[in-house]
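Examining the three-dimensional arrangement
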Amino acid sequence: EIDAERLYNLWIADDIIIDADRVGDETIMDVAKRYLGALAQRCMVQVEVEEYTQRINYCRIHDLMLELCLSKAKMNDFLGIVHLQRKTDLANCFSTTSTTTAPKIRKLAIHLNRDVKRVVLPDLGTTNLLSSILFSNPRRDNKSLIKFQSHFKHFKLLSNLDLEGFKFDEKSVKSIGNLISLRYLSFRSCFIPKWHSSICKLKHLHTMDLRFCKVNSGEVIVIHGMEQLRHLYIPSNLNLNFKFKFDGLSNLET
């Protein structure tokens, strides 16, 4: 089950949808919705539609279509899929001596096993082609967070980073500010003990998702000067024990 809104933002961040695709007064998000509707009309995906608004909430890929997509993706070194077990070393996936095509891949999907306690993204020369890293975390409920660590030295082309259900240290949060090409960033259901101003260096960021995030009591999350930011999602809990400060978000739509 794929969240439609998340899918739209990933499409936009990947330049699958651009300004030239707009018709009339459409926004980029409107184009994304139109495209997903077209896929549903062609029976390429199944969709779940909200009764009153007729808005698509979720979509699913048919089994045959999924098999076709995965086979084409692997054939063209487009996508790498890793099922991370407790003792699996992610560095092996990017080894230059690997018999797989992993060092050439552009997009990486990492499925985490419930036994995984810690994830370290390797900073290798073979990771510098990656444009997208998406995590699928079965423990996204904040009850059992996984520690995440990376310095992101060799991820300069990364445009999509989807993190969910992780616990960060300050160094890892700070290092994300080095991902200068990032356009989509999700900290959904993560625990961030201390916010770092380096996040505001992401001048090309289009979407940031902080829903269900937890931070230390009294922490102030300052987001400023990010003129390209279009969609900002923040926790909806009114009893938050931390504060937000916004400045210079001149193109914010959501």
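In this report, we go over the structure that sits alongside the text. On a predicted model such as this, the values are computed, not experimentally measured, just so you know.

Considerations on the overall build of the protein
- Looking only at helices and strands, one finds four helices and 17 strands in the protein.
- The buried share among the 254 residues of the protein stands at 43%.
- Within the protein, contacts between residues at least 6 apart in sequence are counted, and of these 56% link residues at least 24 apart.
- Just so you have it, the protein exposes about 13900 Å², and 51% of that area is on carbon and sulfur atoms.

Brief notes about the sheet that holds strand β11 (residues 184-186)
- If you walk across this open sheet you meet the seven strands as β4-β5-β7-β9-β11-β13-β16, and the pairing is parallel. A strand with exactly one partner marks an edge of an open sheet, and here the two such strands are β4 (79-84) and β16 (231-233). Pairs of neighbouring strands in the sheet enclose a mean axial angle of 10°, with direction left out of account.
- Set on the sheet, helix α1 (residues 4-13) makes contact with β7 (132-136), β9 (160-162), β11, β13 (207-209) and β16; between it and β11 the angle comes to about 145°.

A short note on a positive patch on the surface
- Judged by side-chain charge, Lys 156, Lys 171, Lys 174 and Lys 201 come together as a positively charged surface patch.
- Within the fold, Lys 171 resides in helix α4 (residues 170-176).

A word on the state of the cysteines
- What the rule picks out here adds up to zero disulfides.
- This cysteine, Cys 190, is not joined by any disulfide, and Cys 213 carries the nearest cysteine sulfur, 5.6 Å off.
- Relative accessible area serves as the criterion here: at 0%, Cys 190 is assigned to the buried category.

As for the environment of Asp 30
- Inspection of the secondary structure puts Asp 30 in helix α2 (residues 28-41).
- Distance in space between the C-alpha atoms of Asp 30 and Tyr 8 is 9.2 Å, their sequence separation being 22 residues.

Brief notes about the packing of aromatic side chains
- Scanning the model with the defined rule gives seven aromatic pairs in all.
- Their ring planes at 50° and their centres at 6.4 Å tell us that Tyr 8 and Trp 11 sit as a pair that is tilted. Placement of the pair is Tyr 8 and Trp 11 together in helix α1, with a separation of three residues, close to one helical turn. Of the two residues, Tyr 8 and Trp 11, both sit in the buried class.
- Ring plane angle 75° and centroid distance 6.2 Å describe the contact between Phe 187 and Trp 195, whose orientation is recorded as edge-to-face. Of the two residues examined, Phe 187 and Trp 195, each falls in the buried class.

Describing unusual backbone geometry
- The residue Cys 43 is not glycine, and still its phi comes out positive at about 60°.
- Following the sequence through the fold, Cys 43 ends up in the loop between α2 and β2 (45-49).
- With phi around 60°, Ser 189 is a residue other than glycine that occupies positive phi space.
- Following the sequence through the fold, Ser 189 ends up in the loop between β11 and β12 (191-192).

A short note on the side chain of Ser 159
- The residue Ser 159 is located in the loop between β8 (146-149) and β9 in this model.
- Judged by relative accessible area, which is 9%, Ser 159 ranks as buried.

About the cut-offs
For every chain, the first residue of the written sequence is number 1, and numbering continues from 1 onward in sequence order. Reporting in this predicted model follows two pLDDT cut-offs: at least 70 for local features of residues, and 80 or more for side-chain atom pairs to be given and counted; totals over whole chains, interfaces and linings ignore these cut-offs and use all residues. To get the side-chain values, take all heavy atoms of the structure and skip hydrogens and water. Numbered from the N terminus, helices here are DSSP runs of H or I no shorter than four residues, and strands are runs of E no shorter than two. Buried residues are those whose accessible area, probed at 1.4 Å on protein chains only, stays under 20% of the maximum for their type, while exposed residues exceed 50% and partly exposed ones sit between those limits. Whether two residues are in contact is decided by their heavy atoms, any of which lying within 4.5 Å being enough. Accessible areas in this description were obtained via Shrake-Rupley with a 1.4 Å probe; residue shielding takes into account the shown protein chains only. Between any two strands, pairing holds if DSSP finds at least two bridges. Throughout, an axis means a line fitted to C-alpha atoms (over the contacting stretch in the case of helices), and angles, computed between N-to-C directions, take values from 0 to 180 degrees. Patch definition: residues above 30% relative accessible area lacking any salt bridge, with like charges linked at up to 9 Å and the nonpolar side chains Val, Leu, Ile, Met, Phe, Trp and Tyr linked at up to 5 Å. A pair is scored as a salt bridge if a Lys or Arg side-chain nitrogen falls within 4 Å of a carboxyl oxygen belonging to Asp or Glu. Neither His nor the chain termini are counted; the positive set is Lys and Arg, and the negative set is Asp and Glu. Every charge is mapped to an atom, namely NZ of Lys, CZ of Arg, CG of Asp or CD of Glu. Criterion for a disulfide: a pair of cysteine sulfur atoms within 2.5 Å. Aromatic rings from Phe, Tyr and Trp, taking only the six-membered ring of Trp, are treated as a pair when their centres fall within 6.5 Å; an angle between ring planes under 30 degrees marks them as stacked, one over 60 as edge-to-face, and anything in between as tilted.

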